Amino acid sequence: MRFAVLLTLIACAACASPDTSAPAEPAPDTAAVASPAPPAAPDLSSENVLVVVFFGNSLTAGYGLADPDVEAFPARIEEKAEAAGLPVRVVNAGVSGETSAGGLRRVDWVLDGDEPDVFVLELGANDGLRGLDPAAMQANLEGILEKVRAKHPEARLVVAGMEAPPNYGLDYTARFRAVFPAVARRFDAALIPFLLEGVGGVRSLNQGDRVHPTAEGHRRMAETAWRTLAPILRETAAERAS
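Residues numbered from 1 in each chain as written. Predicted model: local features only at pLDDT ≥ 70, side-chain atom pairs only at ≥ 80, totals over all residues. Heavy atoms only, no water.

1. Brief notes about the packing of helix α4 (residues 73-83) against helix α9 (residues 215-241)
To characterise two packed helices, one gives the angle between the axes of the helices and the distance between these axes. Definition in use: Fitted lines through C-alpha atoms give the axes, limited to the stretch in contact for helices. The angle between two N-to-C directions lies from 0 to 180 degrees. Secondary structure is summarised from DSSP: a helix means a run of H or I of at least four residues, a strand means a run of E of at least two, and numbering begins at the N terminus for each. Each angle is binned into one of four classes, with values under 35 degrees roughly parallel, values over 145 roughly antiparallel, values of 65 to 115 roughly perpendicular, and all other values oblique. Two helices crossing with the near one rotated counterclockwise from the far one by less than a right angle form a left-handed crossing, whereas a clockwise rotation gives a right-handed crossing. It only takes one pair of heavy atoms within 4.5 Å for two residues to be counted as in contact. All residues other than Ala, Val, Leu, Ile, Met, Phe, Trp, Tyr, Cys, Pro, Asp, Glu, Lys and Arg, Gly among them, are scored as polar; the first ten of these are nonpolar and the last four charged.
Between α4 and α9, the shortest axis-to-axis distance is 8 Å and the interhelical angle comes to 55°. Overall, the two elements α4 and α9 adopt an arrangement that is oblique. For the pair α4 and α9, the crossing hand works out as right-handed. Here α4 contributes Phe73, Arg76, Ile77, Lys80 and Ala81 to the contact with α9, which in turn contributes His218, Arg219, Met221, Ala222, Glu223, Ala225, Trp226 and Leu229. Per-class residue counts for the contact of α4 with α9 are eight nonpolar, one polar and four charged.

See the structure below:
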């Protein structure tokens, strides 16, 4: 399935646009129904705020979006956390065009800034697009997480999985895919299996280059990432409060 998605992405094949017609509104229920209580407002005092660092490439940076500070998927995660009553501040450390090797050179500078409670590693897509050696990519990703562990040993780690384009052959795509779960296992990190699930290759969810997601594509990426991040943030917030 993912092979077909990536093949569509690289081949730039046109995908059918989803049906945008609005469904009929159901008849209102006249019975009085108590509205659920909204979540408590998060405690945003500095000692309680969880810092979540997203370290990645153009997918994290929100390349091509009108307002990445609002529309990129890390900002959407902060929005979801606030709605859930979780005190979270997101740091977007995405740089367009970044490879895993570039990330390894840059991560010390990022770690000298904000102290992360959660560190999300989103790199590898540009390695795959360039056909770089998956073994070298794995060494770079592991080197990044080693630096995070050394400087911030209590930080929770998350690895965002990615897929390589199929034009380099089945062996390459299989070796590339295997890197992300292997890195996650080594560092006891949570794994987002495929960050672009349901977005990669879908024409209506990507910009004109057919590679970088639209604002709606980022919203769906946030939904995918939130499934992994939500329990981590809740657990970390509970530990901080205890």
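2. Structural notes on helix α8 (residues 170-186)
Put simply, the test is: For a helix, the expected span equals 1.5 Å multiplied by the number of residues minus one. What the bend at a residue measures is the angle between two axes, fitted to the seven residues ending there and to the seven starting there.
With 17 residues, α8 extends 25 Å from end C-alpha to end C-alpha; this agrees with the ideal 24 Å at 1.5 Å per step. Along α8, the helix axis deviates most sharply at Val179, where the bend reaches about 25°; the proline Pro181 sits within four residues downstream. In the core, the buried residues of α8 are packed alongside α6 (125-130), α7 (134-151), β4 (156-160) and β5 (190-192). At the C-terminal side of α8, Asp188 shows a positive phi close to 50°.

3. Digging into the side chain of Glu98
Inspection of the secondary structure assignment puts Glu98 in the loop between β2 (88-94) and α5 (100-111). With residues near it in sequence (within four places) discarded, Glu98 still touches Gly56, Asn57, Gly103, Arg106, Leu123 and Asn126.

4. Description of α9
For α9, with 27 residues, the first-to-last C-alpha span of 34 Å runs short of the 39 Å given by 1.5 Å per residue. Of all the bends in α9, the greatest, near 45°, is centred on Trp226.

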